[in-house]
Every structure is written in C-alpha cells, then in structure tokens.
Amino acid sequence: TSYTGSGILLCGLYNFNPVVYLVRNKVTKIYEDFGGSVHVVQLFSGDNTLELNAKNELVEETCNLFELNFSLERKISNVSRYVDIEHKKNRSAYRCYFVCISQINDNDTILSKKFDNNKEVARKYRAPKDFDETDKISRFYIKDIFNVIKQSSDKIMVKNIEGENCTLSDRAYKILRF
C-alpha cells in the first residue's frame, strides 16, 4: 500500500467524558484530525516516514501546543494504535494514529487562548507557512459525534464542547466511523 499522508487523532477526557481534539482548517473552516500529506523531505527517511509526518503535522497544526516524543508504532496488548483509511480511486491510504492524552483540564476558551498565543508567536518569528494552515482547536464529545454518525452518512455537523456547530471533514468522519 502506498500512503498519501498521515496524522494523529488526539483523545482524552473532559469532565470525565471521552473527547477528541480536532483542528479547524483556516481555508475550508472544516474540522479535521492533525494530519496532512507526506512531505517530500520525509519520503526517504526510512520505515518511520508516516510516524514522523504525523508528529510533524501535530506540531505544525497546533503551533507547538502538542508534541509527542514516543513511538506511535508501538502496540498495546499486541494491537496497533492506528487505522488506515483507503482511497479507492488511487489505491492509496491515509494513516491516522490514535493518541490518548491526559491532564488537559482547561476549558476550550483557555485552550483556544493558548493556541492563539502560539499562533501569534509563530507569525512574529516567521514560522513556515505550515504553521498557518489552521485557525482553531476544539474538543468534541465522542458520544455526540457517534450519535450524529448513526443518523447521517453525509456531512457531519456536530457541536463542540462549547456548543458551537461545527462541520467535520470527510477524513475525520472516516476515521471516527472506523
């Protein structure tokens, strides 16, 4: 299988309820996982290309809010922690790693302020344009997403934890449906 890209879906708890973290694309205004196309520079880096790409995308799209320093390829109870979403047209796939994080007790307003502050620092120091692809980070209750997925096979509209209506990308939909 050839891969077009990779990313990370962050999961956690908020008020004792399971949530996923998603980021809003600056242009499309649609929420998606932290991922993207495999960068050419990484194509020849060996077996960890997808993992390295996913980690880089997480750093870029959160403007350094999250960074991982452990292997995404490790198995837990002999089970991989990723899903491959196949593109039927070109017989390629996108790999999404699942990562659970803890101790993020901030409400979305505080989380957004930290994200915005990091975005401002990135602009000030002229970070690469990859750091400017997103404009908002938010959490979504998993139960709300699953309830919407059960009712629709079309565009997914779901409220984030702040009660705002948000549209999820097709890629996020396929990852969460898996």
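Residues numbered from 1 in each chain as written. Predicted model: local features only at pLDDT ≥ 70, side-chain atom pairs only at ≥ 80, totals over all residues. Heavy atoms only, no water.

Visitor: Before we go on, may I ask you to explain a positive patch on the surface in this structure?
Guide: A grouping of Lys88, Lys89, Lys174 and Arg177 is seen on the molecular surface, where their side chains present a positively charged patch. Relative to the elements of secondary structure, Lys89 occurs in the loop between β5 (82-87) and β6 (92-100). The class for Lys89 is exposed, based on a relative accessible area of 86%. (Patch = residues over 30% accessible without salt bridge, like charges linked within 9 Å, V, L, I, M, F, W, Y side chains within 5 Å. Areas by Shrake-Rupley, 256 points an atom, 1.4 Å probe, with all protein chains shown as cover. Salt bridge = Lys/Arg side-chain N within 4 Å of Asp/Glu carboxyl O. Lys, Arg positive; Asp, Glu negative; His and termini not counted. Charge placed at Lys NZ, Arg CZ, Asp CG, Glu CD. Helix = DSSP H or I, 4+ residues; strand = E, 2+ residues; numbered from the N terminus. Buried < 20%, exposed > 50% of the residue type's maximum accessible area, 1.4 Å probe, protein only.)

Visitor: What is the right way to look at the pattern of salt bridges in this model?
Guide: Any two side chains of opposite charge can pair if their charged atoms end up close together. On inspection of all chains with the given rule, the structure shows eight salt bridges. Put simply, Arg24, Lys29 and Asp135 are held in one network by salt bridges that share partners.

Visitor: Sorry, what's going on with the packing of aromatic side chains here?
Guide: Think of a pair of aromatic rings as described by two things: how far the centres are apart, and how the planes are tilted against each other in angle. With the rule as written, the count across this model stands at three aromatic pairs. Between Tyr31 and Phe140 the ring centres are 5.3 Å apart and the planes differ by 75°, which places this aromatic pair in the edge-to-face class. One end of the pair, Tyr31, is in strand β3 (residues 31-32); the other, Phe140, is in strand β7 (residues 134-141), with 109 residues separating them in the sequence. Residue classification places Tyr31 among the buried positions, given a relative accessible area of 2%. For the pair Tyr82 and Tyr97, a centre-to-centre distance of 5.7 Å together with 70° between the ring planes defines the contact as edge-to-face. Of the two residues, Tyr82 sits in strand β5 while Tyr97 sits in strand β6, which places them 15 residues apart along the sequence. A relative accessible area of 25% means that Tyr82 is categorised as partly exposed. (Phe/Tyr/Trp six-rings, centres within 6.5 Å; stacked < 30°, edge-to-face > 60°.)

Visitor: I tried to follow the pairing of β7 on my own but got confused; where do I start?
Guide: Along any regular strand the residues' side chains alternate between the sheet's two faces. Counting buried positions along β7 gives seven out of eight residues, so the element sits mostly inside the fold. Sheet topology places strand β2 (residues 17-25) next to β7; seven bridges connect them, and they run antiparallel. Paired with Asn25 across the bridge in β7 is Thr134. (Pairing = 2+ DSSP bridges.)

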